[in-house]
Amino acid sequence: MLEQIEKQAVDRFPSRSRKEQEQIAVILKKYANGEISLDEAYYELLEDELIPMPQRCGMHAKIEVSPESEGKLKARIKEMLPP
């Protein structure tokens with residue numbers, strides 16, 4: 001989830017349409033500010049079709065995300081988005 005958010009939403013943010021940028025920014029700001037979890041941000045981005053559905057949608061064990069990795073992503077989001 002973290003990798004997909006980083007690659008599909010954060011890395012590609014500048015190339016998105018203005019409308020998509022606004023939608024992504026709202027979701028990522030809520031995540032970066034601790035208002036929603038990583039899971040919630042991921043599912044909101046999927047639901048709004050702002051990131052593509054993964055190729056393989058099967059049952060698998062959830063991979064735990066380290067607090068350090070999440071902290072780096074949140075910092076990157078805060079740098080990318082205006083206050």
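Above this text sits the structure in question.
Here's what I pulled together on the structure shown here. Just so you know, these numbers come straight off a predicted model, no measurement behind them.

**Focus on the overall build of the protein**
A tally of regular secondary structure across the protein gives four helices and zero strands. For the protein, the sequential pattern of α-helices and β-strands runs α-α-α-α. Over its C-alpha atoms the protein spans a radius of gyration of 12 Å, differing by no more than 12% from the 12 Å that the globule rule assigns to 83 residues. Its C-alpha atoms put the protein at 35 × 25 × 20 Å along the principal axes. Looking at the 83 residues of the protein, the share that counts as buried comes to 31%. Computed over 13 positive and 16 negative side-chain charges, the separation of the two mean positions in the protein equals 4 Å.

**Remarks on the packing of aromatic side chains**
Counted according to the given criterion, the structure contains one aromatic pair. On the numbers, 5.3 Å between centres and 70° between planes, the contact of tyrosine 42 with tyrosine 43 is edge-to-face. Lying across the ring of tyrosine 31, lysine 74 places its NZ or CZ 5.0 Å from the centre.

**Things to note about helix α1 (residues 2-10)**
Among the residues making up α1, those that are buried are Leu2, Gln4, Ile5, Gln8, Ala9 and Val10. Within α1, the buried residues cover an arc of 160° as seen down the axis, which keeps them to one side. On its buried side, α1 packs onto α2 (18-32), α3 (38-47) and α4 (67-80).

**Re the environment of lysine 7**
Relative to the assigned elements, lysine 7 resides in helix α1. Here lysine 7 falls in the partly exposed class, since its relative accessible area comes to 46%. Separated by 44 residues in the primary sequence, lysine 7 and isoleucine 51 place their C-alpha atoms 9.3 Å from one another.

**Side note on the pattern of salt bridges**
Close approach of charged atoms lets side chains of opposite charge pair. Enumeration over the complete set of coordinates arrives at seven salt bridges. The residue glutamate 22 makes a salt bridge to arginine 18 at a minimum N-O spacing of 3.8 Å. Within this pair, glutamate 22 and its partner arginine 18 are both found in helix α2, separated by four residues, close to a single helical turn. Exposure remark for glutamate 22: the relative accessible area of 45% places this residue in the partly exposed category. Arginine 18 sits in the exposed class, given a relative accessible area of 59%. A salt bridge links glutamate 44 to lysine 30; the shortest N-O distance between them is 3.3 Å.

Criteria and thresholds
Starting from 1, residues in each chain are numbered consecutively following that chain's sequence as written. In keeping with the predicted nature of the model, local features appear solely for residues at pLDDT of at least 70, side-chain atom pairs appear and are counted solely at 80 or more, and the whole-chain, interface and lining totals rest on all residues. Here the side-chain values reflect all heavy atoms present in the structure, with hydrogen atoms and water set aside. Only DSSP runs of H or I covering at least 4 residues are called helices, and only runs of E covering at least 2 are called strands; the numbering of each starts at the N terminus. Computation of the radius of gyration draws on C-alpha atoms alone. For the globule rule, the value is 2.2 Å times the number of residues to the power 0.38. Three labels apply to residues, based on accessible area from a 1.4 Å probe with only protein chains included: buried if under 20% of the type maximum, exposed if over 50%, partly exposed otherwise in between. Charged-residue counts in this description rest on Lys and Arg as positive and Asp and Glu as negative, His and the chain ends being excluded. Here the site of a charge means NZ on Lys, CZ on Arg, CG on Asp, or CD on Glu. Only Phe, Tyr and Trp rings take part, Trp by its six-membered ring, and two of them pair if their centres are within 6.5 Å. Stacked means planes under 30 degrees apart, edge-to-face means over 60, and tilted covers everything else. Both a distance and an angle decide whether a charge sits over a ring: NZ of Lys or CZ of Arg must be within 6 Å of the ring centre and within 35 degrees of the ring normal. As used here, the arc belongs to the directions running from the helix axis to the C-beta atoms. Residue contacts follow a heavy-atom distance rule, with two residues in contact if any of their heavy atoms lie within 4.5 Å. Between Lys or Arg on one side and Asp or Glu on the other, a salt bridge is scored when a side-chain nitrogen of the former is within 4 Å of a carboxyl oxygen of the latter.

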